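Examination of the molecular architecture
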There are 4 protein chains.
Amino acid sequence: MIYSNTNKGGFNVRLTGIFAPVPTPFLEDGSLDEKGWVKNLEIWSRSSLDGIVICGSNGELPFITMEERVRLTALAKETANGRLKLMAGAHFPSTRETILCCEKLAQAGAESVLLLPPHYYKGNKNAILKYFIDVADASPISVFMYNMPANTGVDMDADIMIKAAQHKNIMGIKDTSGNMTKMGYLAAAAPDHFAVFGGTGNYLLAALSMGACGGTTAASILYPNSCQMLLASFKEKKMEKAMDLQRRLLPVSDAITTRYGIPALKAALESRGMVGGPCRLPLLPVSEEVRKEVLDILDNSGLDQYETWR
Amino acid sequence: MIYSNTNKGGFNVRLTGIFAPVPTPFLEDGSLDEKGWVKNLEIWSRSSLDGIVICGSNGELPFITMEERVRLTALAKETANGRLKLMAGAHFPSTRETILCCEKLAQAGAESVLLLPPHYYKGNKNAILKYFIDVADASPISVFMYNMPANTGVDMDADIMIKAAQHKNIMGIKDTSGNMTKMGYLAAAAPDHFAVFGGTGNYLLAALSMGACGGTTAASILYPNSCQMLLASFKEKKMEKAMDLQRRLLPVSDAITTRYGIPALKAALESRGMVGGPCRLPLLPVSEEVRKEVLDILDNSGLDQYETWR
Amino acid sequence: MIYSNTNKGGFNVRLTGIFAPVPTPFLEDGSLDEKGWVKNLEIWSRSSLDGIVICGSNGELPFITMEERVRLTALAKETANGRLKLMAGAHFPSTRETILCCEKLAQAGAESVLLLPPHYYKGNKNAILKYFIDVADASPISVFMYNMPANTGVDMDADIMIKAAQHKNIMGIKDTSGNMTKMGYLAAAAPDHFAVFGGTGNYLLAALSMGACGGTTAASILYPNSCQMLLASFKEKKMEKAMDLQRRLLPVSDAITTRYGIPALKAALESRGMVGGPCRLPLLPVSEEVRKEVLDILDNSGLDQYETWR
Amino acid sequence: MIYSNTNKGGFNVRLTGIFAPVPTPFLEDGSLDEKGWVKNLEIWSRSSLDGIVICGSNGELPFITMEERVRLTALAKETANGRLKLMAGAHFPSTRETILCCEKLAQAGAESVLLLPPHYYKGNKNAILKYFIDVADASPISVFMYNMPANTGVDMDADIMIKAAQHKNIMGIKDTSGNMTKMGYLAAAAPDHFAVFGGTGNYLLAALSMGACGGTTAASILYPNSCQMLLASFKEKKMEKAMDLQRRLLPVSDAITTRYGIPALKAALESRGMVGGPCRLPLLPVSEEVRKEVLDILDNSGLDQYETWR
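Let me sum up the structure you'll find in this document. (Residues numbered from 1 in each chain as written. Chains lettered and ligands numbered in written order. Predicted model: local features only at pLDDT ≥ 70, side-chain atom pairs only at ≥ 80, totals over all residues. Heavy atoms only, no water.)

Let's talk about the pairing of strand β3 (residues 85-89) of chain D
Residues and elements named next belong to chain D. Of all 5 residues making up β3, 4 are buried, and the element is well covered by its neighbours. Of the pairings in the sheet, the one linking strand β2 (residues 51-54) to β3 comprises 4 bridges and is parallel in character. If you follow Gly 51 over to β3, its bridge partner there is Lys 85. In this fold, β2 hands off to helix α2 (residues 66-80), which returns the chain to β3; that crossover is right-handed. By the bridge criterion, 3 bridges tie β3 to strand β4 (residues 112-115) in an arrangement that is parallel. Note that in β4 the partner of Ala 88 across the bridge is Val 113. (Buried < 20%, exposed > 50% of the residue type's maximum accessible area, 1.4 Å probe, protein only. Helix = DSSP H or I, 4+ residues; strand = E, 2+ residues; numbered from the N terminus. Pairing = 2+ DSSP bridges. Right-handed = clockwise from strand over helix to strand, strands pointing away.)

Some words on empty space enclosed by the protein
Here the structure, examined in full by the defined rule, presents 5 cavities of 30 Å³ or more. Lining the largest cavity, in full, are B:Met243, B:Gln246, B:Arg247, B:Leu250, C:Gly184, C:Ala187, C:Ala188, C:Ser209, C:Met210 and C:Gly211. Elements that contribute at least two residues to the lining of the largest cavity include exactly α11 (239-259) of chain B together with α7 (180-189) of chain C. Of the residues forming the lining of the largest cavity, the biggest block, 4 residues, is contributed by α11(B). For the lining of the largest cavity, the per-class residue count stands at 5 nonpolar, 4 polar and 1 charged. (1 Å grid on protein atoms, 1.4 Å probe; cavity = no way out; pocket = protein on both sides within 12 Å on 5 of 7 lines; lining within 4 Å. Points joined across faces, edges and corners; volume = space filled by probe spheres on them. Nonpolar A, V, L, I, M, F, W, Y, C, P; charged D, E, K, R; others polar.)

Some remarks on the relation of the copies chain A and chain B
Mapping chain A onto chain B is achieved by rotating through 180° and translating by 0.0 Å along the same axis, at an RMSD of 0.0 Å. With respect to symmetry, the two chain copies, as superposed, fit the operation of a two-fold axis. Residue A:Gly153, judged by its C-alpha, is the member of chain A lying nearest the rotation axis, at 3.0 Å. Of the interface residues in chain A, 100% have counterparts in chain B that sit at the interface too, so the contact is made through matching surfaces. (Least-squares fit on C-alpha atoms with pLDDT ≥ 70 in both. Contact = heavy atoms within 4.5 Å.)

Comments concerning the pattern of salt bridges
Residue and element names in this part refer to chain C. Counted by the stated rule, this structure contains 64 salt bridges over all chains. In this structure, the salt-bridge partner of Asp 299 is Arg 272, at a minimum N-O distance of 2.9 Å. Here the residue Asp 299 occupies a position in helix α13 (residues 288-301), and Arg 272 occupies one in the loop between α12 (261-271) and α13, the gap between them amounting to 27 residues. (Salt bridge = Lys/Arg side-chain N within 4 Å of Asp/Glu carboxyl O.)

Side note on the packing of helix α1 (residues 34-45) of chain D against α2(D)
Residue and element names in this part refer to chain D. Look at α1 against α2: their axes get within 9 Å of each other, and the N-to-C directions meet at 40°. With respect to their mutual orientation, α1 and α2 come out oblique. The hand of the α1/α2 crossing is right-handed. Residues Glu 34, Trp 37, Val 38, Leu 41, Glu 42 and Ser 45 of α1 lie in contact with α2, whose contacting residues are Arg 71, Leu 72, Leu 75, Ala 76, Thr 79 and Ala 80. Residue composition of the contact of α1 with α2, grouped by class: 7 nonpolar, 2 polar and 3 charged. (Axes fitted to C-alpha atoms, helices over the stretch in contact; angles between N-to-C directions. Parallel < 35°, antiparallel > 145°, perpendicular 65-115°, else oblique. Left-handed = near helix turned anticlockwise from the far one by under 90°.)

Overview of the relation of the copies chain A and chain D
Rotating chain A by 180° about the axis while translating it 0.0 Å along that axis superimposes it on chain D, leaving an RMSD of 0.0 Å. Looking at the interface residues of chain A, 100% of them are also at the interface in chain D, so both copies use one shared face.

Side note on the interface of chain A and chain B
One frequent convention defines the size of an interface as the accessible area lost when the parts assemble. Facing 38 residues of chain A, the contacting portion of chain B comprises 38 residues. In total, chain A and chain B occlude about 2,900 Å² of area from one another, counting both sides; carbon and sulfur atoms represent 61% of this. The largest contributions to the chain A side of the interface with chain B come from A:Arg96, A:Tyr120 and A:Tyr121, which together make up 27% of the buried area. For the pair chain A and chain B, the interface holds 12 residue pairs in polar contact (both at pLDDT 80 or more). Mapped onto the side of chain A that touches chain B, the elements with two or more residues apiece are α3 (95-108), α4 (125-138) and α5 (149-152) of chain A. (Buried area = accessible area lost by both parts, 1.4 Å probe. Polar contact = N/O pair within 3.5 Å; in protein donor to acceptor, adjacent residues only side chain to side chain.)

So, the interface of chain A and chain D
Listed by partner, the interface residues are 25 residues for chain A and 25 residues for chain D. Remark: the boundary between chain A and chain D carries 2 salt bridges. Counting the contacts that link chain A with chain D gives 6 residue pairs in polar contact (both at pLDDT 80 or more). Only α7 (180-189), α8 (204-209) and α11 (239-259) of chain A provide two or more residues apiece to the side of chain A that touches chain D.

A short note on the packing of aromatic side chains
Taken as a whole and assessed by the stated rule, the structure comprises 24 aromatic pairs over all chains. Ring geometry for C:Tyr121 and D:Phe63: centres 5.6 Å apart, planes at 65°, overall edge-to-face. With C:Tyr121 in the loop between β4 (112-115) and α4 (125-138) and D:Phe63 in the loop between β2 and α2, this residue pair bridges two chains. The exposure class assigned to C:Tyr121 is buried, which follows from its relative accessible area of 18%. Residue D:Phe63 is classed as buried on the basis of its relative accessible area of 3%. Each member of the aromatic cluster is reached from another via a ring pair, and the members are A:Phe19, A:Phe144 and A:Phe197. (Phe/Tyr/Trp six-rings, centres within 6.5 Å; stacked < 30°, edge-to-face > 60°.)

Worth remembering: the numbers are spatial, not functional.
Quick look at the structure:
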């Protein structure tokens, strides 16, 4: 396969750092809560986050129309004003809608796009590879792949991801499979421009130890300093500190992702001075019982001490 | 849960018969092939089919925008002109887009809608039930549920489907799970207005023997008479005939669904005088080798003898 | 592969009928309850069963030593005295222990053996095929294959089973996968000597409609007449009767297999005058609540009316 | 649950270090190759290994009779003569056979036993917990749990493992699930006497970073020094060295476990001066092609430089 291989996004240097896959706030009637979005963006812009992912899985990606994604991105561009790198979810099931979305998000100010693999029709590895190549060829901004088997039912093979990584406009992968063998193979084979990111705060340190150079973690929405400290401690070989932070992050991250999902994440945001609000249906709110359990987990993590910026 | 329970679609009598989940034809540039669509509709209108499903899985549902679904439905209404019952795929990931789509499809002439369960965020049975109830409450036309775990990764529990079946505007289920235990429980528990349909020609006879009252089978796109004869033979207790037809249908159905998917189905349509054409990307065409294998399977099935109407 | 292809078991005619995969009774200390075994055998010998499977999954196969399997078989030979065909579970993880067990079971009076595929080490189809061929070559009695993915984690491919079916000393398959596509392919490809059996009463009629010629069903331990009537009704094209029986069998079969397992089966036996008793550890008894639920399901099935022989 | 809670094995101190789950050598006729076993034991006794696992998954556990396990253990006791800690696989499907095996292995000189969870009959968490408790109560030597879902189809929940860890005679867990969330929860909840071991060299460093205190890795059969250096580098915070070793170990470990299994491991042993030989049937040897690929992976790892002791 011959790639056009123009690095349109200008990502000549491998991306690193901590990105927050932020939730999308809604009003009670299910429409976008633009005020809430701007308020949260102002908070995150003051934080130690390197960037945010707009309309990722935590952003209720499949429920957000293309126009809404554009609007959310434009508001983020305006509000963050360079203080946050902006990656936006451009995936649609068809290649044509995905490419169209890439173009519109680029115009709105996104610096890169996050893309799931095709997943409704399963079983064709070549179709997955061609999807990424086609979009990367056409997109004005760089593509970050997103392996998320728990939601898509598709766990991309390492060889497909490594092939796609040769494309200069495919700048990295967020792998949330939890497969450390895959993480290790990816990191070892990554070209210079290609970033391998861990996809969860549950085991960010494990991903780093296998060669990941950053993370996109839901926990960083609430605890950006904690995640940055974990990354820095790892780089500085302060392993006790890194392991202590990881031990504290695990139950927090697990509660707001795998165990209770976005409704719990939004309840947690409310507790820490950000705008949470309802999810779009069919997602249901957490019960009062779960809400309390989640907040207890946050309180007991001891991580709030590091988040003095809030 | 209290349902509004108005049977808006007027389905007081349980639906029966054979429905074809037809493919959507595209031009080489990926745009809708409206001429091809009308041509195929005219062919199917002359057939023994009871109805068609527009924009089901075979219709490349996730790749078709709401506007396109409306256009395809309007053309079908105009062309079939009462000769085919029209069920249309209205599923979107969010409840609000699904309801909007139901309204538009009803205006365009659909008589019922086919709905997948929510499936990107997994694990909440109540969310699935509420989705169907909310849409059934709001939809001007009746809802047919669609259990398709191979594509969605969600296999709806029998108890959820049975609860949903109590809603008067939920008229049936297409179950493609292949789970005969579930099929048996569903058929035994179905209220009078509720139709349990087998979801594939691979084992339509098995589904009927467990109590299904009809089928939505890809094989009926090409072999409507064969499928209708199987159903009639079963009802008339001509089991040798029914089993002979099932034995012949199995490899045909399997080739154009599970094994090689929509690209193979479209190649098969071309061979039988209908418009096939390319799929939308990311779906790739079948290789020449597979195309030949599929056509051989069709030729060897001996079923073309029954399809004298084509 | 060249088979020795001697039909050592003398199964020149395809096996048909209803076989009961009977449980193994134990005393409270976990030792074999030989008296209970003989008592049950006398009951089953008076029934309409064609045969029994000794030490199948319901017989707690993995917990029974080779010597115990031999003892159980010898007692069955002595007690049934030709009134029941005797198939015995000879599977061990290694080929050598399996072959040794086949020899011993043949000496003890078994007429055929039931064999799971190798399953601890997964992923080698050739190893599965060679296992069956090696055992069939060496075994003095014929081999019945047993596909049981829910327990083994291995779902044998149809092509492997069809290749194995060419061996003259491999006489059939009990397929409990529930995959009707596979059942249909197997039945269509079966040589004259090869029997395809449905593996559960949950959907015996579906299996028959796809071409199965008999069944090995846990429900027949308690309801042999009901199962035989279902089979006869199907053959005589009395489909209402067959479907009515299937509808009644489904919840019974499901409760004593998939839902609550052997402990529930044993509780059910007790309620119908047979010896149940405890399972071997690690299997735990059913709770009193589950026991009552299971007996209610039996009582409500309406099938006891057919079991006047008990 | 009240445990007897006598620490019979004397493991008051948490186990740490690197254990090799060694293969069992066979002669061409499938019988034990005792000479080969002793030869390998002498080699491993001279190595930096802390101990070995006799008759684990790599030791073809399910194919080895109780008497053979005893014989292998006795030979190891005699040969290693205190230079290696001896853990032996005592799992049988029934609790009674497992307990009997524990007693015999203790007499033969094993210092602890490795135990899979019950797995043929699935779905009962209480049965799994009770199995470990019952065996730990009865066993004269301490129990090491073994979570191996790829082979058993059972992935033990963290809460079950944490409950079992309270038993004083349950001394640790080898977790080969690859689930870093589980690893983190286990390590955080482990009592002082309880060791959490990573179960593969594919990502030993990731396991350590999540809190594991040792590893049972197939790679250490061939590369004990490399594994020990990885562990030591991690403890000394020489993360570049640890990561470099991990990067080199990954393809080696993957090739001799997940990808090509025991036959490849045995071929690799032959290449490094140890006795490999055939597996017991139904396991088949690797093809010549795979053998070469595996040896290339070993050669290219650059790890042989550290194994000067061989």
